[in-house]
Amino acid sequence: MGSKPMAETEEYLVLKQLTDTLDDLKINYAIGGSIASSVYGKVRFTQDADITVAAFADKTEQLYNLLNENFYISNNAMCQAISNHGSFNVIHLESAFKIDIFIQKDDDFHRQLFLRRKKVRLDESIEHLFDIVSAEDIILLKLQWYQSAGCISERQWSDILGVLTIQSRALDMKYLKSSSEKLGLSGILQKAIDQVYK
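Here is a short report on the structure shown in this document. (Residues numbered from 1 in each chain as written. Predicted model: local features only at pLDDT ≥ 70, side-chain atom pairs only at ≥ 80, totals over all residues. Heavy atoms only, no water.)

### Observations regarding the nonpolar core
Among the nonpolar cores identified, the biggest contains 60 residues, and Leu 15, Ile 51, Val 53, Phe 56, Phe 88, Ile 99 and Ile 139 are the most heavily contacted of them. For this core, the element with the most residues is helix α6 (residues 135-148), which contributes seven residues. Among all residues touching Val 53, those that are not within four sequence positions of it are Leu 22, Ile 27, Asn 28, Tyr 29, Ile 101, Phe 102, Ile 103, Gln 104 and Phe 114. (Core = buried A, V, L, I, M, F, W, Y, C linked by side-chain atoms within 4.5 Å. Buried < 20%, exposed > 50% of the residue type's maximum accessible area, 1.4 Å probe, protein only. Helix = DSSP H or I, 4+ residues; strand = E, 2+ residues; numbered from the N terminus. Contact = heavy atoms within 4.5 Å.)

### Side note on the pattern of salt bridges
Inspection of the entire model under this criterion finds 11 salt bridges. Between Asp 20 and Lys 16 there is a salt bridge, with the nearest N and O atoms lying 2.7 Å from each other. A residue pair is termed a helical-turn pair when its members lie 3 or 4 positions apart in one helix, as Asp 20 and Lys 16 do in helix α1 (residues 10-24) at four residues. Owing to a relative accessible area of 25%, Asp 20 belongs among the partly exposed residues under this scheme. (Salt bridge = Lys/Arg side-chain N within 4 Å of Asp/Glu carboxyl O.)

### Observations regarding the layout of surface pockets
Space inside the largest pocket adds up to approximately 220 Å³. If you go around the largest pocket, you meet 15 residues; those closest to its centre are Thr 52, Phe 102, His 110, Leu 141 and Trp 145. Put simply, the parts of the chain that give the lining of the largest pocket at least two residues each are β1 (29-31), β2 (48-53), β5 (98-103) and α6. Considering every element that reaches the lining of the largest pocket, the biggest residue donor is α6, with three residues. Here the lining of the largest pocket is built from residues that sort into seven nonpolar, six polar and two charged. (1 Å grid on protein atoms, 1.4 Å probe; cavity = no way out; pocket = protein on both sides within 12 Å on 5 of 7 lines; lining within 4 Å. Points joined across faces, edges and corners; volume = space filled by probe spheres on them. Nonpolar A, V, L, I, M, F, W, Y, C, P; charged D, E, K, R; others polar.)

### Some details on the pairing of β2
By the criterion of burial, β2 is predominantly enclosed, with five of the six residues buried. With six bridges joining them, β2 and β5 adopt parallel strand pairing. Following the sheet pairing, Asp 50 is matched in β5 by Asp 100. (Pairing = 2+ DSSP bridges.)

### What to know about the side chain of Asp 159
For Asp 159, the location among the structural elements is in helix α7 (residues 154-167). At 2.9 Å, the side chain of Asp 159 forms a polar contact with the side chain of Lys 142. (Polar contact = N/O pair within 3.5 Å; in protein donor to acceptor, adjacent residues only side chain to side chain.)

### Here we look at the environment of His 110
Tracing the backbone shows His 110 in helix α5 (residues 108-115). Note on His 110: relative accessible area 9%, which makes it buried. Note: C-alpha distance between His 110 and Gln 147 (37 residues apart in sequence) is 18 Å. Apart from residues lying up to four places away in sequence, His 110 is in contact with Gln 104 and Lys 105.

### A few points about α6
Between its first and last C-alpha, α6 extends 20 Å over 14 residues, near the 20 Å set by a 1.5 Å rise per residue. Looking at α6, one finds that the buried residues are Ala 135, Glu 136, Asp 137, Ile 138, Ile 139, Leu 140, Leu 141, Lys 142, Leu 143 and Tyr 146. Buried-residue contacts for α6 involve α2 (33-40), α5, α7, α8 (173-182) and α9 (186-196). (Expected span 1.5 Å × (residues − 1).)

See below:
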C-alpha cells in the first residue's frame, strides 16, 4: 500500500471484502460512522468502521462461513444482535481493522435511511461503489450518538458541524428538521445549525 495511511486505502479494501460478501448474499447495507461523515464533511481517520445491515436471520450460517476465513467473528454475538436488533463486530485478521455491524431497526427512520443511501466511490485506486448513508442521515445518526453520550463528545459534534458546513445548501433541510423532530433531536440540531450559520 506504499506510504498511504490505512484509512485511505487498506480499510476500504477490507470494507470491500465485507460488502462484497453482503452483496453476494443479497444483504442490504449502509456505511455510516466517521467514514460517512468524512465523505460529506471533514476527513477524520479512524481505526474502525460502522455499517448497518438489513436483518438476515435466514443467512447467518452462510455469512459466518464466508467471513470466518478472513475475519474474527463470533457466531453467538451475531445471532444475539439479530434477535435484539443490536450490534456485533468483526475484526479483519490480517490488519486488525474492526467493523461494527448494526442490525437495521424496524422503524421509519431506519427504513428511510436505507431508501436514501447513496453509492459512493471511497478511494480513487479502488474501482468500487459502496452504499453510504446520506448526508442528512449521517447528521441524524451522529446527533443520536451525541445525545446518547450526554452531549459531551467533541468528536461527534465536530463531525456534525463538518457535514453541515461543507454540504450546506445541498442538504434537504426539510427532511432533516422533520426527522429530527420525530427522533427528539430538534433542539440539538438547531444548536448545530445556529453554530454553523451564525
